[in-house]
Amino acid sequence: MSKDNPRAIHLKDYRVPPFLIDRTELHFELGEKATLVKSRLSMRRNPDSDEGDAALQLHGDTSLVLRRLQLDGKDLSVSDYQRDDESLTIAQLPDNFVLECVTLIKPQENTSLEGLYKSNGMFCTQCEAEGFRKITFYLDRPDVMSVFTTTIVANRQDYPVLLSNGNPVEQGEQEDGRHWCRWDDPFKKPAYLFALVAGKLEQVDDSFTTQSGREVALRLFVEPQNLDKCDHALASLKRSMAWDEQVYGREYDLDIFMIVAVDHFNMGAMENKGLNIFNSSCVLANPATTTDAGFQRIEGIVGHEYFHNWSGNRVTCRDWFQLSLKEGFTVFRDAEFSADMGSRTVKRIEDVSLLRTAQFAEDAGPMAHPVRPASYIEISNFYTLTVYEKGAEVVRMIHTLLGAEQFRKGSDLYFERHDGQAVTTDDFIQAMEDASGIDLGQFRRWYSQAGTPVVEVSDDYDAEQRRYRLKVRQHCPATPESDSKQPFHIPLAVGLLDEQGNDLDLGDGQTTKILHLTEAEQEFVFEGIDSQPLPSLLRGFSAPVKLRYPYSAEQLVFLMAHDSDGFNRWDAGQRLAVDLMQGLISDYQQGRELVLDRSLVEAYTKVLSDRSLDPAMVAKLLLLPSEAYLAELAEVIDPEAIHLVREFVKRELAQALQGLLMDAYRHNRSEGDYQLNADAIARRSLQNAALSYLMTLEQPRILVLAQHQFASADNMTDQLAALSLIAHSGFESERQQALSEFYQQWQQDPLVVNQWLSVQATSPRDDSLTQVKALMAQPLFDLTNPNRVRALIGAFCGQNAVQFHRADGEGYRFLADQVIALDKLNPQIASRLLTPLTRWKRYDSRRQALMRAQLERIMAGELSKDSYEIVSKSLA
Ligand code: 0A1
Ligand code: ZN
């Protein structure tokens, strides 16, 4: 992109809106060739604005065809307003006025999936962050909140269901085969929460009685073939509603809550007021087609969107820099909900794994930004792991610092003080401070400073004085926004173990103590300690930092067996495996023979032999650090060495532990008696973890086990696990047969076909790029369907490091080709796909040059703002 490079928008330039919209009346006439949108906006000058008699500048995309504009009932002519690519400006307006506008749009041609578009013949919308301006001219910013009334007119035959936000108030028939429906949303909301759906949909009904005794109708709309996949989402929704009442005292506010499932969707789901729209992959489920992880994911996302009704909708963001106000808080809420519904430790392990691999990598790359960014070119690029996941960690730390009770007082105050307002992350912290009396002054730096702090701990023990000391240093590497960082306020949860592995009493019966790190260097002294303790540091991952402490292998094995903190027991295993694997990676690079240290075998033997452990925990303990995590930790990433070493360790462990693994497999396998509960899920996870180790042995008898599991499975967890092991194995004809049988069985189900594509895209075999290209050429592939793109291109480039980073650079060329093609269709998906290329500086010089060359090739063409921002920042 050479001409007119897009400009950055800065937080420091924020100004209150010069105009407000009290009432928004919308009228849609949906048509196959075009859709007519009439708006009637009751507006006034904002008394809080200092911009005097400023002109009104409405947002509006170039694609809008303006048919008519009226001010207080009088037509405006072309000379009364100005239009450019992004806006429409009207000067000399009175203090109060009604603006009426007629625009024409073409949803059927909208492949960006922002604004109003069509998915499988159904009309639907996605307005966050700035999609409403593709529907009509408006003040499309979150601090302009208005009540909406929406009338939808459409052909009854093709669009029997007409939905929008709020409550249905009127409906009727016309003589031309069209019908209409009017919706009224009494709650003020910004335009990003507007939604409209029209289509041939079936519905499943349920209801929920709130704590104050109001009955709320719950309605899930799906395409007819998906009616058997609705129960889980509805059950999850009811659990979410009850949980938010119990834990946060938050009740639902409308008489109806609707969810619609659509196949074409850029993100996971959207919290539109009263009318959530979901990517079908994040809501539809049944045991035959959905894995256990899928079920859990859906429960979490349904909860997330529902929780937004308070944290996001009733109280929303002042501007998009405050995105983490709603997202960080809501991710924290959904994580706690999932922890309460299942295993708290397992949920924590999963969330921390994601944070430590993907978010830490983001923090170390060219797109690193604070939880509250200071500037952006395209806001869609800032729906990131930093804003969501690190943002949730920051809220979690506030919870840790305040304790559950004070935190609840803080959230009550926040909701009460700001109900109906658009506010900032600082307002959130202020409410927490005001309610608890705890000073969060220094803590606020977590919102303004990017980067992952490193915490280095050393210790010494004085037997004579019975004194134990921890010395702690923190520093944070430079990131694009700043080279030097002020110390963070880090809550470091610590326990001390005696020689038997029991927790020491750290005062008042406390076995875990929160140390407040606030300076670059600090010392913490523990008195009355009878013998040298072993520290258990950063329990529960109490802060999003990299912790360094020189544990020996022996100490880690001890922590794995004894730490009372479940998360740290798992993390000790990860540290042990990481240390060994890093050694092996360097052995491999220097051509030395690979030999696996016995400590890991011993540790895993204990884990597998301990029948008292929860099988879900055993499965987690057995899972070796991922290739992505090892890459994140590496100085210079060597994808091939990482992959080969991890496979080597897995095979060595499988060889040494064959008997125990086979026992674990047999003991946890249940045939023909499918259940979806915590115990059954845990057993399946251990069974499949064991099988995955055993398959590395490449023994025909194990292949037979996997084939039997594949053929006899009564659930997708077992079938897909077996398929992927067989498909990634060296058994050539068997893999082809399994892949083709699976496709035959599931070709009618697009969500399962996506899983089938991903299995092939993530194969470490040398032919996987060729396979991916062949699959793209088949009619089932569709570049305008983001789920297909993610399942195939996204999975290959983002989850198959060893093949994507092929030494010949063909993986990079492939990604660049796809981004160039996709950027014209769907800029959000194109720019998200780019992530793996942005990390080029982490690789060896040969790969660096190859990756850079592809980024430059992309940069040379016409680019969307989305992709321009990512590529230009990567090359800077
Ligand atoms: N707010 C939604 C997800 C979402 C994010 C970005 C979007 O467009 C840029 C659209 C939807 C959520 O957190 O669930
Ligand atoms: Zn969200």
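The name an unreviewed UniProt entry gives the protein is Aminopeptidase N, with Motiliproteus coralliicola as the organism. UniProt annotates the protein under Catalytic activity (unreviewed entry) with the comment "Release of an N-terminal amino acid, Xaa-|-Yaa- from a peptide, amide or arylamide. Xaa is preferably Ala, but may be most amino acids including Pro (slow action). When a terminal hydrophobic residue is followed by a prolyl residue, the two may be released as an intact Xaa-Pro dipeptide."

1. Concerning the coordination of the zinc ion (ligand 2)
Only H304 (NE2), H308 (NE2) and E327 (OE) from the protein reach the zinc ion (ligand 2) as donors, at distances of 1.9 to 2.1 Å. Each of the four donor atoms around the zinc ion (ligand 2) contributes to a set of angles spanning 97 to 129 degrees, which defines the coordination as tetrahedral. Residue classification places H308 among the buried residues on the basis of a relative accessible area of 0%. Residue E327 is classed as buried on the basis of its relative accessible area of 1%.

2. Regarding the packing of helix α20 (residues 750-761) against helix α22 (residues 786-799)
One can describe the packing of α20 onto α22 by two numbers: an axis separation of 8 Å at closest approach and a directional angle of 10 degrees. Here α22 runs roughly parallel to α20, going by the angle between their axes. Only N787, R788, A791, L792, A795 and F796 of α22 make contact with α20, whose side of the interface consists of P750, V753, N754, L757, S758 and A761. Of the residues belonging to the contact of α20 with α22, the class tally is eight nonpolar, three polar and one charged.

3. Digging into the side chain of S49
Along the polypeptide, S49 turns up in the loop between β3 (35-45) and β4 (56-59). Not counting residues up to four positions away in its chain, the partners in contact with S49 are V16, P17 and P18.

4. Side note on the domain arrangement of the protein
On domain assignment, one finds that the protein holds domain 1 (9-200), domain 2 (315-447), domain 3 (454-550) and domain 4 (748-875). Distance from the C-alpha centre of domain 2 to the C-alpha centre of domain 3: 24 Å. Of the residues lining the interface, 18 residues belong to domain 2; the matching set on domain 3 comes to 19 residues. Summed over both sides, the interface between domain 2 and domain 3 buries roughly 1600 Å², with carbon and sulfur atoms accounting for 71% of that surface. Ranking the residues of domain 2 by area buried against domain 3 places Q442, R445 and W446 at the top, with a combined share of 33%. Taken together, domain 2 and domain 3 are joined by zero salt bridges. Counting across the interface, domain 2 meets domain 3 through six residue pairs in polar contact (both at pLDDT 80 or more). It is helix α4 (residues 344-363) that provides the largest number of residues to the side of domain 2 that touches domain 3, a total of six residues.

Parameters and conventions
- Residues numbered from 1 in each chain as written.
- Chains lettered and ligands numbered in written order.
- Predicted model: local features only at pLDDT ≥ 70, side-chain atom pairs only at ≥ 80, totals over all residues.
- Heavy atoms only, no water.
- UniProt positions renumbered as here; feature names shortened; annotations may be inferred.
- Donors = N, O, S within 2.8 Å, 3.2 Å for Na, K, Ca; no water.
- Tetrahedral: all angles 85-135°; square planar, octahedral: opposite > 155°, others 65-115°.
- Buried < 20%, exposed > 50% of the residue type's maximum accessible area, 1.4 Å probe, protein only.
- Axes fitted to C-alpha atoms, helices over the stretch in contact; angles between N-to-C directions.
- Helix = DSSP H or I, 4+ residues; strand = E, 2+ residues; numbered from the N terminus.
- Parallel < 35°, antiparallel > 145°, perpendicular 65-115°, else oblique.
- Contact = heavy atoms within 4.5 Å.
- Nonpolar A, V, L, I, M, F, W, Y, C, P; charged D, E, K, R; others polar.
- Domains from an automatic or database assignment.
- Buried area = accessible area lost by both parts, 1.4 Å probe.
- Salt bridge = Lys/Arg side-chain N within 4 Å of Asp/Glu carboxyl O.
- Polar contact = N/O pair within 3.5 Å; in protein donor to acceptor, adjacent residues only side chain to side chain.

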